[in-house]
Amino acid sequence: MKKKLELMMQKVKNILCECPCGSTKFYLKKPPFVRFYCHCEICQKLYNSAYNDVVVIKSKNVVLKQNGVQFNKYRRPPALDRGICEKCKKPVAGFFRGIPGLRLAFINSDNIQDKSSLTRPLGHIFYHRKKEYVEDELPKFRGYWRSQIKVCHWIMAK
């Protein structure tokens, strides 16, 4: 009986996520394992912001019904397949399926309702595209390849 109770306690409650208008709701089965700030031009345009606060999770841990979400790639592959809410036209989640066996979801941290599930940000990428200087202690990576390699390093280290 005690072991059964311990197993029940170990189960993680689903983490609710939603787009800004609330019409597209989805869930994470586990907390995201990587977080960073992206200053790329695509994020700046889609989020109408100087940068995007991004979290990463394995795609298999994202429960998203795709009705009401329009997916598109905003650059040549390999690229994120970014889902946009058809009502508010704001990003829901981006999926990367370019490497067999490595399927990832990239989500704006603002879409996650319970902020206690977020890890500390690891740094800034595509900082050469910054719209404004950021005063913090986090490392800042400039250039396409340096940024891509750093994100890969963070993901593979987890």
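The coordinates are above.
These notes cover the structure that comes with them.

Criteria and thresholds
Residues numbered from 1 in each chain as written. Predicted model: local features only at pLDDT ≥ 70, side-chain atom pairs only at ≥ 80, totals over all residues. Heavy atoms only, no water. Helix = DSSP H or I, 4+ residues; strand = E, 2+ residues; numbered from the N terminus. Rg over C-alpha atoms; globule rule 2.2 N^0.38 Å. Buried < 20%, exposed > 50% of the residue type's maximum accessible area, 1.4 Å probe, protein only. Pairing = 2+ DSSP bridges.

**Notes on the overall build of the protein**
Here's step 1: Each helix and strand counted, the protein has three helices and ten strands in total.
Here's step 2: Secondary structure elements of the protein, listed N to C terminal, follow the sequence α-β-β-β-α-β-β-β-β-β-β-β-α.
Here's step 3: Here the protein has a C-alpha radius of gyration of 16 Å; the compact-globule value for 158 residues is 15 Å, and the two agree.
Here's step 4: Structurally, the protein occupies a C-alpha span of about 55 × 35 × 35 Å along its principal axes.
Here's step 5: Every one of the 158 residues in the protein was classed for burial, and the buried ones make up 44%.

**Quick word on the sheet that holds strand E5 (residues 62-63)**
Here's step 1: With antiparallel pairing, the three strands of this open sheet are ordered in space as E1-E2-E5. The sheet is open, and its two borders are formed by strand E1 (15-18) and E5, each paired with just one other strand.
Here's step 2: One ladder, built from four bridges, connects E1 with strand E2 (residues 25-28); its direction is antiparallel. Along E2, the bridge assignment pairs Leu 16 with Tyr 27.

**Structural notes on unusual backbone geometry**
Here's step 1: One non-glycine residue with positive phi stands out, namely Asn 48, at about 50°.
Here's step 2: Relative to the helices and strands, Asn 48 is located in the loop between helix H2 (41-47) and strand E4 (52-58).
Here's step 3: Positive phi, close to 65°, is recorded for Lys 89, a residue that is not glycine.
Here's step 4: Mapped onto the elements of the fold, Lys 89 is located in the loop between strand E7 (81-85) and strand E8 (91-99).

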